[in-house]
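Residues per chain are reported as follows:
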Amino acid sequence: MDLFLQLLITGIMLGSIFALVALGWVLIYKCSGVLNLAMGELTMIGGYVCLGLYQRFVTTMPIEYAFLLALIGTIFVGLFLGLLTERIFLRKMIGEPILAVIMVTVGLSFFFKGMVFIIWDTDTQVFLPRVFPIEPAVIAGVAIGQVYIWSFVAALILMVIFVSFFKYTRWGLSMQACADDEMAALSLGVSAKFVYALAWAIAFMAAGVGGTLLGNINGLNYSVSLLGLLVLPVVVFGGLNSIPGAIVGGITIGILQNLSGGYLDRFFPGGIKEIAPFVFMVIFLLFKPYGLWGWERIERV
Amino acid sequence: MSYLPCGYYFEDYADDQKWWRTRFIKGKMILMVVLLATLPLLVDSQWLSVAYTINYYILAALGVQLLIGYCGQITLGHAAFVAVGGYTTALMMLNVPWPQSMIDGGLVYPICIICAGFLAAIWSVLFGLPSARVKGFYLIMTTMAAQWITVPLVITQYVAQIGGRGQAFSIPTEMIKIGPFSIDSDTKIYYFSVILVAVCLVAMGNMVRSKLGRAWIAIRDNDIAAETMGVNIVGYKLLAFFVAGFFAGIAGAFYISALFFVSPEHYEWFFSLLWVGIILIGGVGSIQGLVFGSIFVVMVFKLLEIAVMGSSDLLMASYPQLGWMTTKIIFFKEAAFGLAIIFFLIYEPNGLSYRYWQLKNYFNLWPFSYTGK
């Protein structure tokens, strides 16, 4: 039972990071209709940028300030990269067929991956000195690594910020309008280009923070981008254009991944932990292809 | 179809659909055959290996072209089916007690190729089943899942452990023999690959210009409309997955002869995306485009390798700190490939085959080229 509780709680906390990254994905899809396969690489870029900044800052100031500054720096780099990516690559693809847009994001993922590994090495890098203390905290009799708790808190705060931004601010409302009906939004004076740029910037920022947190848990290497790719089962489960779906889906996939890693590993040794979400996704697709709260598309000839 | 030059008139459909319609095309094809046959005399073995890598990519991307370009079913997991082909061949060669007469007679490898094709085709149909219910992005997800389930899980964890040889299987060279010809040098691998590509391309070309191909194209253009016209869309979609998987299995079985061993890292997700990239660069829905795309991608990789290696040799003398460039060549390749896909999609969405089509029309209509624009 203890093992189950521990796996469950860690799963929820890990899942909150997936939910954060999935939120960025869903925003892009809702606002601009782009199905982004580069999310894993965006996550990885965020992690590496934060690591680089952290290593620079930590020599001159205490660990907490250095990490916070590095995180803020990552968010700003993400903002800048997001705007740039949208402007250079994605804006030209508005209205192109789905395969073309998807393959542009695949091209982006190759480009980003290549650039990350040209600049940084492929060896696993860790945040040194450690940002979060290594001794676990005990919650309700279950030992949880502190890094998970802090990640959970950070992901939760950011999710609240993003969702309230989307719901209550002027820019967020224009994004909502654009997601709802692009033509109507355009005719009412909402700038679609601005909305797309904003969506990409938010996705980059969310993925950057997610990558930083994942990098703190396991160290940074290529596997972070594979974890970022788990955003795809998440959004399929939650529904492609549903923000609550992304959050619920993220946490579900986190729990599922941890439980399968804990219980199924002895039956299927090896990579079951990484594969389980994809297996789950295929089975789920067969029965409920539009996810929990996704919109069902009705097609006409 | 391109415009015909002056003086050619066809009176029935069969004439119009012929492979080689004009005398010029016949001459061109004969020239190409001569060139392909004499290539081993003209270049050294380094470039021959480039040539058969191109052929391998053509074979592997053939199924992708069929699924994406002709049937409209986007697949991002084709390396899984190639992997099934490769591992089927390897395991059959190693684990089946072949009688010595069959090994000497060179029957083993052809049998393995056929079996690899069928097994990969069945595996492909299995992951094509969701296409009956979902399409677009959701189908992309299931084909991606095919990749993730097949290569890192099933093959790496289970299939590659059969016989306890470790992950990489090496194949005894005397097994790789077709009839009296033992495929053991770059030249022979090259000829074998050319023959295989020719057979597969002819098969594919005949399929897409028959009833089968017209049904696939109807599904690609509008599946609901195709259904109302009486096309059994589930059946034809699964048939497309079957044929694409068969080609993938043949590609996997062929690559055994070039490598003499098989290991999961030759079937990573990168290759699935690479083959989709190849058909996008070459042109979606065109067999020529497939060939152009393969040539383009492999040549760009090769030239990039030469450029980085060469320049780092030159630079190393004066700037020894640049030695890292050679160790990171694969990432230069990946970044360049990513940029190539993006720029082709943005600036040349019809691919290289469209340019070739324009060029052909220009000369066919010359000197009245303005009519063909």
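Residues numbered from 1 in each chain as written. Chains lettered and ligands numbered in written order. Predicted model: local features only at pLDDT ≥ 70, side-chain atom pairs only at ≥ 80, totals over all residues.

**Structural notes on the overall build of chain B**
Assigned secondary structure in chain B consists of 16 helices and four strands. For 373 residues, the compact-globule estimate of 2.2 N^0.38 gives 21 Å, and chain B sits close to it at 22 Å. Evaluated residue by residue, chain B yields a buried proportion of 42% over its 373 residues. Across chain B, the fraction of contacts at a sequence separation of at least 24, relative to all contacts at a separation of at least 6, is 78%. (Helix = DSSP H or I, 4+ residues; strand = E, 2+ residues; numbered from the N terminus. Rg over C-alpha atoms; globule rule 2.2 N^0.38 Å. Buried ≥ 20, exposed ≤ 12 C-beta atoms within 10 Å, placed from the backbone. Contact = placed C-beta atoms within 7 Å.)

**Re the overall build of chain A**
For chain A, the count of helices and strands is 12 helices and two strands. Moving toward the C terminus, one meets the helices and strands of chain A in the order α-α-α-α-β-β-α-α-α-α-α-α-α-α. With the principal axes as the frame, chain A shows a C-alpha extent of 55 × 50 × 35 Å. Long-range contacts, defined here as pairs at least 24 residues apart, represent 76% of the contacts in chain A between residues at least 6 apart.

**As for helix α4 (residues 98-119) of chain A**
For α4(A), which comprises 22 residues, the first-to-last C-alpha distance of 32 Å matches the rise-based estimate of 32 Å (1.5 Å per residue) to within 8%. Summarising burial for α4(A): 17 of the 22 residues are buried, a large majority. (Expected span 1.5 Å × (residues − 1).)

**Side note on helix α2 (residues 39-57) of chain A**
In a regular helix each residue adds 1.5 Å, so 19 residues correspond to 27 Å; α2(A) covers 27 Å between its end C-alpha atoms and thus fits that length. Of all 19 residues that make up α2(A), 15 are buried, and the element is covered over most of its length.

**Quick notes on the interface of chain B and chain A**
By a widespread convention, an interface's size corresponds to the accessible area lost as its parts come together. Contacts between the two partners involve 38 residues from chain B and, on the opposite side, 36 residues from chain A. Mapped by element, the contributors of at least two residues to the side of chain B that touches chain A are α7 (137-158), α10 (223-228), α12 (269-282) and α15 (329-347) of chain B. Top contributing element to the side of chain B that touches chain A by residue count: α7(B), with 12 residues. Per-class residue counts for the side of chain B that touches chain A are 28 nonpolar, seven polar and three charged. (Nonpolar A, V, L, I, M, F, W, Y, C, P; charged D, E, K, R; others polar.)

**Overview of the packing of helix α3 (residues 45-70) of chain B against helix α4 (residues 78-95) of chain B**
Residues and elements named next belong to chain B. Axis separation between α3 and α4 bottoms out at 10 Å; the angle between their running directions is 130 degrees. Classified by the angle between their axes, α3 and α4 sit oblique to one another. Between α3 and α4 the crossing geometry is right-handed. Two secondary-structure elements touch here, α3 through Ala 60, Gly 63 and Val 64 and α4 through His 78, Phe 81 and Val 82. Considered class by class, the residues forming the contact of α3 with α4 number four nonpolar, two polar and no charged. (Axes fitted to C-alpha atoms, helices over the stretch in contact; angles between N-to-C directions. Parallel < 35°, antiparallel > 145°, perpendicular 65-115°, else oblique. Left-handed = near helix turned anticlockwise from the far one by under 90°.)

**Quick notes on the nonpolar core**
By size, the foremost hydrophobic cluster in this structure holds 212 residues, and its most contacted members are A:Ala22, A:Leu23, A:Ala199, A:Ala203, A:Val231, B:Leu59 and B:Ile250. In contact with A:Ala199, not counting residues within four places along its chain, are A:Leu27, A:Ile28, A:Cys31, A:Ser32 and A:Met175. (Core = buried A, V, L, I, M, F, W, Y, C linked by C-beta atoms within 7 Å.)

**Some points on the confidence of the model for chain B**
A residue-level look at chain B finds 94% of positions with pLDDT of 70 or above and a mean pLDDT of 86. Across the interfaces of the predicted complex, the ipTM metric reaches 0.84, alongside a pTM of 0.88. (pLDDT = per-residue confidence, 0-100.)

**A word on the environment of B:Leu59**
Residues and elements named next belong to chain B. Mapped onto the fold, Leu 59 is located in helix α3. For Leu 59, a count of 28 C-beta atoms within 10 Å puts it in the buried group. Through-space distance from the C-alpha of Leu 59 to that of Phe 247 is 6.6 Å; in sequence the pair is 188 residues apart. When residues no more than four places from it in sequence are discounted, the contact partners of Leu 59 are Leu 196, Val 197, Cys 200, Phe 247, Ile 250, Ala 251 and Phe 254.

**Topic: the environment of A:Asp181**
On the secondary structure map, A:Asp181 appears in the loop between α6 (170-180) and α7 (182-187). Between the C-alpha atoms of A:Asp181 and A:Cys31, which are 150 residues apart in sequence, the distance is 9.4 Å.

**Thoughts on the packing of α6(A) against helix α8 (residues 192-218) of chain A**
Residue and element names in this part refer to chain A. Remark: α6 packs on α8, axes separated minimally by 10 Å, with the N-to-C direction vectors making an angle of 105 degrees. On the basis of the axis angle, α6 is roughly perpendicular to α8. Where α6 approaches α8, its residues Trp 171, Ser 174, Met 175 and Cys 178 are matched on the opposing element by Ala 192, Val 195, Leu 198 and Ala 199. Looking at side-chain class alone, the contact of α6 with α8 contains seven nonpolar, one polar and no charged residues.

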